[in-house]
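Analysis of the macromolecular model
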Amino acid sequence: MQLKISPRSIPTLRANSNAIIRAISKSIRQTLKDTKTDASSGIKQRYTNPGVGTRPLKIKVSGLTGELSSKGAANPLEKFKINPRKRLKRPPKRGIFAQVVRGQGGFISRAFIYNGAVFERIGKRRLPIRHLKTVSAPGMLKPPPISNLILGKIQQRFDKHLAANLESVAIF
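Read on for an overview of the structure.

Here is what the cut-offs are and how they apply
Residues numbered from 1 in each chain as written. Predicted model: local features only at pLDDT ≥ 70, side-chain atom pairs only at ≥ 80, totals over all residues. Heavy atoms only, no water. Pairing = 2+ DSSP bridges. Helix = DSSP H or I, 4+ residues; strand = E, 2+ residues; numbered from the N terminus. Axes fitted to C-alpha atoms, helices over the stretch in contact; angles between N-to-C directions. Core = buried A, V, L, I, M, F, W, Y, C linked by side-chain atoms within 4.5 Å. Buried < 20%, exposed > 50% of the residue type's maximum accessible area, 1.4 Å probe, protein only. Contact = heavy atoms within 4.5 Å. Polar contact = N/O pair within 3.5 Å; in protein donor to acceptor, adjacent residues only side chain to side chain. Phe/Tyr/Trp six-rings, centres within 6.5 Å; stacked < 30°, edge-to-face > 60°. Lys NZ or Arg CZ within 6 Å of the ring centre and 35° of its normal. Patch = residues over 30% accessible without salt bridge, like charges linked within 9 Å, V, L, I, M, F, W, Y side chains within 5 Å. Areas by Shrake-Rupley, 256 points an atom, 1.4 Å probe, with all protein chains shown as cover. Salt bridge = Lys/Arg side-chain N within 4 Å of Asp/Glu carboxyl O. Lys, Arg positive; Asp, Glu negative; His and termini not counted. Charge placed at Lys NZ, Arg CZ, Asp CG, Glu CD.

**Description of the sheet that holds strand β7 (residues 104–108)**
Spatial strand order, β5-β6-β7: 3 strands in an open sheet with antiparallel pairing. Two strands lie at the open edges of the sheet, namely β5 (81–83) and β7, each paired on one side alone. Across this sheet, the average inter-strand angle for adjacent strands is 20°, counted without regard to direction. Direction of pairing for β5 relative to strand β6 (residues 96–101): antiparallel, over a ladder of 3 bridges. Counted as the bridge partner of K81 is Q99 from β6.

Structure, rendered in structure tokens:
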């Protein structure tokens, strides 16, 4: 997500234009810092193991542009809510129950647990198998409930921080 401000939208007032640009840049930085915590709280509300996606959020501010970014690979399924957690002597008849998003879960047939990791048999034979993975950290920020929450908070906080920082420059 990017937050950009056009240099043409800066009012030419009696204050120093460099001070205005610094105030806008400071308010962008403060807004994105606050939004970072809002994004992690939105992830905590939606996913069963929120600690997986909250760590890689980064803020980058340069001039009148700010960016809240995230990067990371797909998270293994065992980091989220699965049942049973340990390997059983016999596999369960229905498979393993997995839940990544709160309130949405299901059984994965032909899945099994080995050394704490969740695997699935691909064919009818014993091999090949594949390690099951789920959504990545950037993918956690994309669903509309979370992205709309973040964009709404950005607008509210930016207006508040901008007014406070421009007031400190003594424009008003």
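**A few points about the nonpolar core**
Counting residues in each nonpolar core, the largest one holds 20 residues, and the members touching the most others are Y47, L77, I82, V118 and L141. Counting residues per element, this core draws most heavily on β6, at 4 residues. Apart from residues lying up to four places away in sequence, Y47 is in contact with F80, V100, V101, R102, V135, G139, M140, P143 and I146. Of all hydrophobic cores here, the second largest spans 10 residues; its members include I20, A23, I28 and L166.

**Brief notes about the side chain of T48**
Tracing the backbone shows T48 in the loop between α1 (17–46) and α2 (51–54). Using a relative accessible area of 18% as the deciding quantity, one classes T48 as buried. Within the structure, T48 has its side chain in polar contact with the backbone oxygen of Q99 (distance 2.9 Å). Sequence-distant contacts of T48, defined by excluding residues within four places in its chain, comprise F80, K81, Q99, V100, V101 and R102.

**Section: the packing of aromatic side chains**
Summed over all chains, the structure comprises 2 aromatic pairs. Note on F97 and F107: the rings are 5.4 Å apart at their centroids and 65° apart in plane angle, and the pair reads as edge-to-face. With F97 in strand β6 and F107 in strand β7, this pair connects stretches of sequence that are 10 residues apart. F97 sits in the partly exposed class, given a relative accessible area of 25%. Seen from their ring centres, F112 and F119 are 5.8 Å apart, and the 25° between their planes marks the pair as stacked. Residue F112 shares its accessibility class with F119, and that shared class is buried. A cation over a ring is seen here: R121 above F112, with NZ or CZ 4.4 Å from the ring centre.

**Considerations on a positive patch on the surface**
Side chains of K33, K36, K58 and K71 sit close together on the surface and give a patch of like positive charge. On the basis of relative accessible area, K71 is assigned to the exposed category, the value being 64%.

**So, the side chain of S25**
By secondary structure assignment, the location of S25 is in helix α1. Look past the residues within four positions of S25 in its chain and what remains in contact with it is V61 and G63.

Everything listed is a geometric property; what it means functionally is a separate question.
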